[in-house]
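Architecture and fold: a report
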Amino acid sequence: MKRRVAILISGRGSNMAALIEAARLADFPAEIVVVISNRADADGLEKARQSGIAAVTIESQPFGKDRAAFEAVLQSALDQHRIDLICLGGFMRLLTAEFVQRWFGRMLNIHPSLLPSFPGLDPQGQALRAGVKISGATVHFVVAETDAGPIVMQGAVAVSDDDTADTLAARILQIEHRIYPDALRLVASGKIRIEGDVCKTAGSAGGDGALISPAAS
Ligand code: GAR
């Protein structure tokens, strides 16, 4: 049986769109049941509806600092849709430790850096200021700490000297759209085992080669 997935967004929803697209495949082990935004003006809501996916707004702003009250409404929407797995896709609202604990092992996030480097805001700018030659994106299980938790999958890109935060973000975003569906496929098909702080992948042989940057020639 396909795992029932909710995608939580706050804005553009390009990762959401990549997940929706991937889940159209008959052999994909998960179905996107609902998209929930904490902002009524999130562009992703319309995109979801155009794809025939139920799209719901639960505005977080009226709840102010009462995160638990917002999450009670969120949880009832998740219950109503009998959700098995949550994918955060640019969801910009901090979640309480209680909510995170309740969903531990069943809630994924994507972040545009090779975690544990550069969590938080402006990860692409952080990468450029640190002068790293390789950056990328990470799909991980959500824990109480922001942009941390057992890593399911990473993808890397070379950073070039003339990159700006925007050009680097655009290249990383292409990687995000590849790895998020692949990571969800692994999790939904039960191939990921969490051992302490680390994920182990059944039948995994690592990646498909080395990425070395810059080229020496
Ligand atoms: C993505 O780049 C995602 O990795 C990032 O927000 C963007 C959302 O774009 N998430 C974080 O920085 C989480 N800390 P999208 O709405 O087009 O998917």
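See above for the structure.
Being a predicted model, the structure only gives us computed values, none of them experimental.

Let's talk about the site of the ligand
Taken together, Arg-12, Gly-13, Ser-14, Asn-15, Gly-89, Gly-90, Ile-110, His-111, Pro-112, Asp-147, Leu-173 and Glu-176 make up all the residues around the ligand. In this structure, an oxygen atom belonging to the ligand sits 2.6 Å away from a side-chain N or O atom of Arg-12. In this structure, Ser-14 approaches the ligand through a side-chain N or O atom, which is 2.6 Å from an oxygen atom. Considering the ligand on its own, with 450 Å² of exposed area, one finds that the protein chains cover 86% of that surface. Those elements giving two or more residues to the shell around the ligand turn out to be α1 (14-22), β5 (107-111) and α6 (165-188). Across the shell around the ligand, the residue classes tally to three nonpolar, six polar and three charged.

Describing the packing of α1 against α6
Running from amino to carboxyl end, α1 crosses α6 at an angle of 45°, the nearest separation of the two axes being 9 Å. As the angle between them shows, α1 and α6 are arranged oblique. The element α1 and its partner α6 pack so that their crossing is right-handed. Contacts from Ser-14, Asn-15, Ala-18, Leu-19 and Ala-22 in α1 reach Leu-173, Glu-176, His-177, Tyr-180, Pro-181 and Leu-184 in α6.

A short note on the packing of aromatic side chains
The geometry of an aromatic ring pair comes down to the distance between the two centres and the angle between the two planes. Within this structure, the stated rule accounts for two aromatic pairs. Relative to Phe-70, the ring of Phe-63 has its centre 5.9 Å away and its plane inclined at 65°; by these criteria the two rings are edge-to-face. Note on Phe-70: relative accessible area 2%, which makes it buried. When the ring of Phe-99 is compared with that of Trp-103, the centres are 6.4 Å apart and the planes differ by 35°; the resulting orientation is tilted. Look at Phe-99 and you get buried, because its relative accessible area is 5%. Positioned above the aromatic ring of Phe-70 is the side chain of Arg-93, whose terminal nitrogen or guanidinium carbon lies 5.1 Å from the ring centre. Over the aromatic face of Trp-103 sits the side chain of Arg-106, whose NZ or CZ is 4.1 Å from the ring centroid.

Description of the sheet that holds strand β3 (residues 54-57)
A sheet is described by the order of its strands in space; here seven strands give the open sequence β3-β2-β1-β4-β5-β6-β7, paired in mixed fashion. The strands lining the two open edges of the sheet, one partner per strand, are β3 and β7 (151-158). Sheet twist, expressed as the average angle between the axes of neighbouring strands with direction ignored, equals 20°. Pairing of strand β1 (residues 3-9) with strand β4 (residues 85-89) involves five bridges; the strand directions are parallel. Bridging from a neighbouring strand, Val-5 pairs with Leu-85 of β4. Contacting β1, β2 (30-37) and β4, helix α3 (residues 67-80) runs over the sheet at an angle of about 150° to β2.

Focus: the pairing of strand β6 (residues 134-141)
β6 sits mainly inside the fold: seven of its eight residues count as buried. Sheet topology note: the β5/β6 ladder contains four bridges and is antiparallel. Within β6, the position partnered with Leu-108 by the bridge is Phe-141. Taken together, the seven bridges between β6 and β7 define a ladder with antiparallel strand orientation.

Each value, and the rule that gives it
- Numbering of residues starts from 1 in each chain and follows the order in which that chain's sequence is written.
- This being a predicted model, a pLDDT of at least 70 is required before a residue's local features are given, and a value of 80 or more before pairs of side-chain atoms are given or counted; all residues contribute to the totals for chains, interfaces and linings.
- Only hydrogens and water are set aside; all other atoms, that is, all heavy atoms of the structure, feed into the side-chain values.
- The nearness test applies per residue and asks whether one of its heavy atoms lies within 4 Å of the molecule or strand.
- Within 3.5 Å is the distance limit for a polar contact, defined as a pair of N or O atoms, with the added protein rule that one can donate a hydrogen and the other accept it, and that residues adjacent in sequence qualify only through two side-chain atoms.
- All accessible-area figures derive from a Shrake-Rupley calculation using a 1.4 Å probe, and residue coverage is judged against the displayed protein chains alone.
- Comment: elements are numbered from the N terminus, with helices defined as DSSP H or I runs of at least four residues and strands as E runs of at least two.
- As a working rule, the residues Ala, Val, Leu, Ile, Met, Phe, Trp, Tyr, Cys and Pro are called nonpolar, Asp, Glu, Lys and Arg charged, and the rest polar, with Gly in that last group.
- Geometry is summarised by axes, namely lines fitted to C-alpha atoms with helices restricted to the contacting stretch, and by angles between N-to-C directions that run from 0 to 180 degrees.
- The labels follow the angle: roughly parallel below 35 degrees, roughly antiparallel above 145, roughly perpendicular from 65 to 115, and oblique for the rest.
- Two helices that cross are described as forming a left-handed crossing if the nearer one is turned anticlockwise from the farther one by less than a right angle, and a right-handed crossing if clockwise.
- We call two residues in contact whenever any of their non-hydrogen atoms come within 4.5 Å of each other.
- Pairing of aromatic rings covers Phe, Tyr and Trp, the last counted by its six-membered ring, and requires centre-to-centre distances within 6.5 Å; plane angles under 30 degrees mean stacked, over 60 mean edge-to-face, and any other angle means tilted.
- Each residue is assigned to one of three classes by its accessible area relative to the maximum for its type, calculated with a 1.4 Å probe on protein chains only: buried under 20%, partly exposed between the two thresholds, exposed over 50%.
- Geometrically, a charge over a ring is one whose NZ (Lys) or CZ (Arg) sits within 6 Å of the ring centre while staying within 35 degrees of the ring normal.
- A pair of strands is treated as paired once DSSP finds two or more bridges between them.

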